[in-house]
Amino acid sequence: MKLNNSETRFTVAFYNLENFFDTKNDPHKLDDDFTPDGKKVWDESKFSRKTKKLARTISLIGQDDSGTPPVLIGIAEVENKQVIEALLKTKSLREVNYDYVHFDSPDERGIDTALIYNKERFEVISSETIPLMVDNDNGDRDLTRDILYVHGRLHQEEIHVFVNHWPSRRDGANETSYKRIKAAETILQKIGNIPTESFNCIIMGDFNDDPNSESIKTIMDTKMFVNPMQTLLSPVSGSANYKGEWSLFDQILISHSFLNYEKGTHSFKKAKVFAPKFLKEWKGKYKGNPFRTYAGKKYLGGYSDHFPVYLVLRENK
């Protein structure tokens with residue numbers, strides 16, 4: 001679609017893909033459930049169906065605002081490079097000149113983060129993983145996801161992207177809060193090394209915390225960032241729903257530099273949760289919730305238990 005104005009707008013998105021596993025049993029990962037013989041009876045047919053659905057969703061994120069598929073998409077809960085490549089080979093995405101950055105993380109289940117980017121719009125300068133060194137109560141290291149850091153150029157403007165999937169609340173929100181605060185501090189430590197002249201930062205991810213949580217406040221208290229997602233959480237809306245309560249664990253934070261209008265830069269225009277009808281449960285008790293792939297062992301055939309979130313940026317020419 002074409003926009004009805006002369007502005008050039010682009011979408012930057014984040015999407016938790018909910019257990020996007022291949023069907024092979026990796027002896028080094030706790031992925032047994034997601035195999036043909038596992039609890040989920042996860043076979044090639046189900047994998048193919050999910051891949052096509054996720055790809056179509058990604059292609060449509062922000063289309064109404066920018067007219068094109070996203071230039072950058074941070075993703076979480078991907079098992080390996082193979083599932084990302086399967087995604088990019090689908091009919092919905094193969095025409096877009098996408099590439100990706102991915103590293104295997106120490107997560108016990110083998111679920112990682114990655115960054116998909118349009119090669120015509122974004123150039124990778126360097127990329128690395130930042131280990132998140134947190135311990136469980138018993139003193140053992142929590143083998144959780146690394147933080148993915150990508151330094152690149154979006155239309156010649158240098159930017160720094162952090163893709164996150166912070167430790168879960170499985171053992172209680174308060175009990176595990178220290179892990180997510182540590183993740184925030186780990187990012188801030190890295191940010192301290194970024195030169196002021198190229199301080200254009202995007203911190204995106206499934207933070208397993210809401211905008212008002214201590215971990216997000218740890219970043220916001222530096223006064224270096226804006227959280228345009230702050231207003232998107234309400235009693236009736238968010239990016240995920242657990243036991244009837246909405247949360248906005250999926251967020252994209254931006255540095256203040258995205259609020260200027262200098263030539264050669266990018267300006268923030270709006271932030272949204274992408275929640276069209278096809279991504280929602282359409283009937284019953286969970287009507288309006290994200291249409292997920294599984295509910296426990298029961299195969300529903302949906303997309304993900306999270307809605308994608310996105311920003312619209314204007315290119316200043």
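Residues numbered from 1 in each chain as written. Predicted model: local features only at pLDDT ≥ 70, side-chain atom pairs only at ≥ 80, totals over all residues. Heavy atoms only, no water.

An unreviewed UniProt entry annotates the protein as Endonuclease originating from Flagellimonas eckloniae.

Turning to the overall build of the protein, a few remarks are in order. Along the backbone of the protein there are five helices and 16 strands. Relative to the compact-globule value of 20 Å for 317 residues, the protein shows a C-alpha radius of gyration of 19 Å, a close match. Taking all 317 residues of the protein together, 56% fall into the buried category. Taking the intrachain contacts of the protein between residues at least 6 apart in sequence as the baseline, contacts between residues at least 24 apart amount to 69%. By element, 47% of the accessible surface of the protein is carried by carbon and sulfur atoms, the whole surface being about 14700 Å². When the 45 basic and 46 acidic side-chain charges of the protein are each reduced to a single mean position, those positions are 8 Å apart. (Helix = DSSP H or I, 4+ residues; strand = E, 2+ residues; numbered from the N terminus. Rg over C-alpha atoms; globule rule 2.2 N^0.38 Å. Buried < 20%, exposed > 50% of the residue type's maximum accessible area, 1.4 Å probe, protein only. Contact = heavy atoms within 4.5 Å. Areas by Shrake-Rupley, 256 points an atom, 1.4 Å probe, with all protein chains shown as cover. Lys, Arg positive; Asp, Glu negative; His and termini not counted. Charge placed at Lys NZ, Arg CZ, Asp CG, Glu CD.)

It is worth spelling out unusual backbone geometry at this point. Comment: phi is negative for the bulk of residues other than glycine, and the bulk of peptide bonds are trans. We note that Asn 19 has phi near 50°; this positive angle belongs to a residue other than glycine. Within the secondary structure layout, Asn 19 lies in strand E1 (residues 8-20). Unusually for a residue other than glycine, His 155 sits at a positive phi of about 50°. Assignment of secondary structure puts His 155 in the loop between strand E6 (147-154) and strand E7 (157-165). A relative accessible area of 14% means that His 155 is categorised as buried.

This next bit is on the sheet that holds E6. Overall, mixed pairing links the six strands, which are arranged E5-E6-E7-E8-E12-E9 in an open sheet. Across the chains shown, the open sheet's two edge strands, defined by having one partner strand only, are strand E5 (122-130) and strand E9 (225-226). (Pairing = 2+ DSSP bridges.)

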